[in-house]
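Examination of the molecular architecture
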Amino acid sequence: EPEVTQTPSHQVTQMGQEVILRCVPISNHLYFYWYRQILGQKVEFLVSFYNNEISEKSEIFDDQFSVERPDGSNFTLKIRSTKLEDSAMYFCASDDRVGPYEQYFGPGTRLTVT
Amino acid sequence: GEDVEQSLFLSVREGDSSVINCTYTDSSSTYLYWYKQEPGAGLQLLTYIFSNMDMKQDQRLTVLLNKKDKHLSLRIADTQTGDSAIYFCAESSALNFGKGTSLLVTP
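Small disclaimer: the values here were computed from a predicted structure and weren't measured.

Quick look at the environment of Leu 32 of chain B now. Residue and element names in this part refer to chain B. Here Leu 32 is to be found in strand S4 (residues 31–37). Separated by 23 residues in the primary sequence, Leu 32 and Met 55 have C-alpha atoms spaced 12 Å apart. In this structure, Leu 32 is in contact with Tyr 24, Thr 47, Tyr 48, Ile 49, Leu 65, Leu 72, Ala 90 and Glu 91, ignoring residues within four places of it in sequence.

Here you go:
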């Protein structure tokens, strides 16, 4: 069964450093998403991406964040200057926008900012 | 978005039915969703319901939707230990999730 993959599974970085989280969506999907989940809190929408541009973003997705689809398979989330409060699980998801937006989620990357 | 509300914990005995409740906020949501998250894994779509339906049954899962009260529930019949996980309800296209309900199934 096709699945969304994410790398790395765990990333530790120092405050102020840049991080890039990587995702490989399901190959025939066209819509891509990033979510985050701070420990003990709800899953929060960050951004959606379609046709090589951002289609929707939340208030959390400020200028420190950017997304890119550098080639035909990868979808990345970059945080330019990490803060302690960026520590969270980051989930990538993709769907084909047919019917009920059945989003498939990756296993997540745990980002720890020290 | 505004908060989707769920109770945080539910404990049931194996073989019993589990009912997980959710109150959502977006009355324009076309679909409402239930996701399951097992330890160390991502979210997996369990089931969804179209907003013009009151009920949907899928094997051991029954989803009930009360649009007037914006209330969604998930019933798991004959709950098994493998059903132990966190269950999230979600609304709208850019999924707005609740905090999740931790279901613990005891033998």
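That was the structure; now back to the text.
Residues and elements named next belong to chain B. Taken in spatial order, the five strands line up as S1-S3-S8-S7-S6 in an open sheet, and their pairing is antiparallel. Every other strand in the sheet has two partners, leaving strand S1 (5–6) and strand S6 (55–58) as the edge strands with one partner each. Both strand S7 (residues 61–66) and strand S8 (residues 71–76) contribute to a ladder of six bridges, which runs antiparallel. In the strand pairing of S8, Leu 64 is matched with Ser 73.

This part covers the interface of chain A and chain B. Counting residues at the interface gives 15 residues for chain A, matched by 21 residues for chain B. Carbon and sulfur atoms make up 60% of the area that chain A and chain B hide from each other, which totals about 1,500 Å². The largest per-residue losses of area from chain A upon contact with chain B belong to Lys 42, Pro 100 and Phe 105 of chain A, which jointly make up 38% of the total buried on that side. For the pair chain A and chain B, the number of links is zero salt bridges. Here chain A is connected to chain B by two residue pairs in polar contact (both at pLDDT 80 or more). For the side of chain A that touches chain B, the secondary structure elements donating two or more residues are strand S4 (31–37) and strand S5 (43–50) of chain A. Of the residues assigned to the side of chain A that touches chain B, the class counts are eight nonpolar, four polar and three charged.

What counts, and at which threshold
Residues numbered from 1 in each chain as written. Chains lettered and ligands numbered in written order. Predicted model: local features only at pLDDT ≥ 70, side-chain atom pairs only at ≥ 80, totals over all residues. Heavy atoms only, no water. Helix = DSSP H or I, 4+ residues; strand = E, 2+ residues; numbered from the N terminus. Contact = heavy atoms within 4.5 Å. Pairing = 2+ DSSP bridges. Buried area = accessible area lost by both parts, 1.4 Å probe. Salt bridge = Lys/Arg side-chain N within 4 Å of Asp/Glu carboxyl O. Polar contact = N/O pair within 3.5 Å; in protein donor to acceptor, adjacent residues only side chain to side chain. Nonpolar A, V, L, I, M, F, W, Y, C, P; charged D, E, K, R; others polar.

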